[in-house]
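A look at the structure
The residues making up each chain are set out below.
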Amino acid sequence: HFQKAQDSAPCVIVVDHLDALAPTRATDRHSDHAQRRVLAALVASIDRSLRGGGVAVIGISDRPDLVDSAVTRRGRLGVHIEVPLPDADRRRALLQIAGADRRVVDDMVAQSEGRSAAEVLRMEVPAEPADREAIGAAVQARRAGRRGGQ
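A brief look at the structure comes next.

**Points about the overall build of the protein chain**
Per the secondary structure count, the protein chain includes 8 helices and 2 strands. For the protein chain, the succession of helices and strands along the chain, N to C, is α-β-α-α-β-α-α-α-α-α. Put simply, the protein chain has 150 residues, and 25% of those count as buried. A separation of at least 24 residues holds for 68% of the contacts in the protein chain among residues at least 6 apart in sequence. Carbon and sulfur atoms provide 53% of the accessible area of the protein chain, an area that totals close to 10800 Å².

Written as structure tokens, this is what we have:
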């Protein structure tokens, strides 16, 4: 994919779950040989892509402390941006944007303590009563359309 990115430059490569792909090497001699080969290949690919120009590489990790320093050193993925977990006000705003029923938002804010914004948005969000009615009507109309078209 790195070569394809270079051929398509300018472009951005996003490597998600970087901690799983390039975990910190063990300090003993018994570290997994395959893991070291994957790390070496990743580092070489990043270096080639960055040297060629026109390609930006972004690594994403929930656990940056577990990513090998060979990947995160200056000149590779040397700029680190931490996105903190959302506080209660931000979680409330996310839930409201997602359409959560105002009557349950405070409970959901409390339940979502320690979760990322993505995890908050993946929570099952009870809809406002008006939304439930509109959704119910849309489902019934769709079902009626299927019966009529068969």
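Further notes follow.
**Quick look at unusual backbone geometry**
Here A9 and P10 are connected by a cis peptide whose omega angle stands at 5 degrees. Take P10: it is sitting in the loop between helix 1 (2-7) and strand 1 (11-15).

**Considerations on the environment of R115**
Residue position: R115 is located in the loop between helix 6 (105-111) and helix 7 (117-122). When its relative accessible area of 33% is taken as the criterion, R115 is described as partly exposed. C-alpha of R115 to C-alpha of D87: the two residues are 28 residues apart in sequence and 9.4 Å apart in space. Excluding residues that lie within four positions of it along the chain, R115 makes contacts with L85, P86, V120 and M123.

**Here we look at a nonpolar patch on the surface**
Taken together, V12, V14, I58 and I60 make up a surface patch of nonpolar side chains, about 330 Å² in accessible area. Tracing the backbone through its elements, the reader meets V12 in strand 1.

**Some words on helix 3 (residues 33-52)**
Taking 1.5 Å per residue as the helical rise, helix 3 with its 20 residues ought to reach 28 Å, and the 29 Å between its terminal C-alpha atoms agrees with that figure. Within helix 3 the residues assigned to the buried category are L39, L42, V43, S45, I46, D47 and S49. Packing partners of the buried residues in helix 3 comprise helix 1, strand 1, helix 2 (18-21), strand 2 (55-59) and helix 4 (69-72). At the exit of helix 3 stands G53, carrying a positive phi of roughly 80 degrees.

**What about helix 5 (residues 88-97)?**
The set of residues buried in helix 5 consists of R91, L94 and L95. Within helix 5, the buried residues cover an arc of 95 degrees as seen down the axis, which keeps them to one side. Exposed residues lying more than 90 degrees from the buried face of helix 5 are D89, R90 and I97. Tucked into the core, helix 5 has its buried residues touching helix 6 and helix 7. Positive phi appears at G99, one or two residues downstream of helix 5, with a value of about 90 degrees.

Basis of the calculations
- Residues numbered from 1 in each chain as written.
- Predicted model: local features only at pLDDT ≥ 70, side-chain atom pairs only at ≥ 80, totals over all residues.
- Heavy atoms only, no water.
- Helix = DSSP H or I, 4+ residues; strand = E, 2+ residues; numbered from the N terminus.
- Buried < 20%, exposed > 50% of the residue type's maximum accessible area, 1.4 Å probe, protein only.
- Contact = heavy atoms within 4.5 Å.
- Areas by Shrake-Rupley, 256 points an atom, 1.4 Å probe, with all protein chains shown as cover.
- Patch = residues over 30% accessible without salt bridge, like charges linked within 9 Å, V, L, I, M, F, W, Y side chains within 5 Å.
- Salt bridge = Lys/Arg side-chain N within 4 Å of Asp/Glu carboxyl O.
- Expected span 1.5 Å × (residues − 1).
- Arc of directions from axis to C-beta.

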